[in-house]
Amino acid sequence: GSGMGVSCRQVRRMEQAIQPVPGKLVPQGEITFEEFLQWSDEDTHAEWVGGKVRVKMPASRVHQDCNGFLYTLLKLWCDHYDAGKVFHPPFPVHLVLPDGRAVGREPDLVVVLKEHLDRLQELHVEGAPDLVVEIVSKGSRGEDRGEKFYEYEAAGVPEYWIIDPDRQHAEFYQLQENGVYSMVFSSSGGVYRSRVLNGFWLHVEWCWQQPPVWEALRAWGLV
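Residues numbered from 1 in each chain as written. Predicted model: local features only at pLDDT ≥ 70, side-chain atom pairs only at ≥ 80, totals over all residues. Heavy atoms only, no water.

Peer 1: How should the packing of aromatic side chains be read in this particular structure?
Peer 2: Two aromatic rings are characterised by how far apart their centres lie and by the angle between their planes. In this structure the tally under the stated criterion is 23 aromatic pairs. On the numbers, 5.3 Å between centres and 65 degrees between planes, the contact of Phe149 with Tyr181 is edge-to-face. Of this pair, Phe149 sits in helix H5 (residues 147-155) while Tyr181 sits in strand E11 (residues 181-187), and the two are 32 residues apart along the sequence. For Phe149, a relative accessible area of 10% puts it in the buried group. For Tyr181, a relative accessible area of 8% puts it in the buried group. (Phe/Tyr/Trp six-rings, centres within 6.5 Å; stacked < 30°, edge-to-face > 60°. Helix = DSSP H or I, 4+ residues; strand = E, 2+ residues; numbered from the N terminus. Buried < 20%, exposed > 50% of the residue type's maximum accessible area, 1.4 Å probe, protein only.)

Okay, here's the thing in structure tokens:
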């Protein structure tokens, strides 16, 4: 042709780069974590796994409701006791695992205690947060209990909650001295007491019932 046309290879490359992020082309092939941070923004929900961008699917309303409720509870509690900072996506966590692999995960909730605020960077958490919460969606069940579970464990995240609003069930893991997660509580209701957030407790059924936040504050004796 005249050199002005678009080759089949270019079209294929453009098609490959189009992913479900409105107005954004998703990098194909391997990139560094720094490049991932430069590419992502506050409207982008993605993770960096195996050196590649892995786009996250939009969350359902049930997932969003549960996430918003738990974020509010954790933030009010941490603010009141000046315990640390709470983040929701998009705010990736960069973990370097003992086997040398590095991943950039985007947990649904992250708590970094006051004594570890040096792990907070402008755009991400560098190293293990003190508490990670994943709110399970239909597509993430296997990953939250599989790939991510072992990454958080290996990276030394002291406490990991897996909250499944569709099934109305929650699992709470705490890292033991041997570096292995132990499930310390698993239920659809009852009271869970955090080890990382000293004094924090939760009626597990709050995750699905989502009462007015002031009811939780009153139960805690904060109002």
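Still to come is the rest of the account.
Peer 1: For this particular structure, what's the right way to read the sheet that holds strand E6 (residues 109-113)?
Peer 2: Sheet strands associate in pairs through backbone hydrogen bonding, adopting either a parallel or an antiparallel arrangement. Sheet architecture is open: six strands sit in the order E3-E6-E8-E9-E10-E11, paired in mixed fashion. Only two strands of the sheet have a single partner each, and these edge strands are strand E3 (84-87) and E11. Between one strand axis and the next, the sheet turns by 15 degrees as a mean value, whatever way the strands run. Where strand E9 (residues 159-164) lies against strand E10 (residues 169-175), six bridges are found, and the strand directions are antiparallel. (Pairing = 2+ DSSP bridges. Axes fitted to C-alpha atoms, helices over the stretch in contact; angles between N-to-C directions.)

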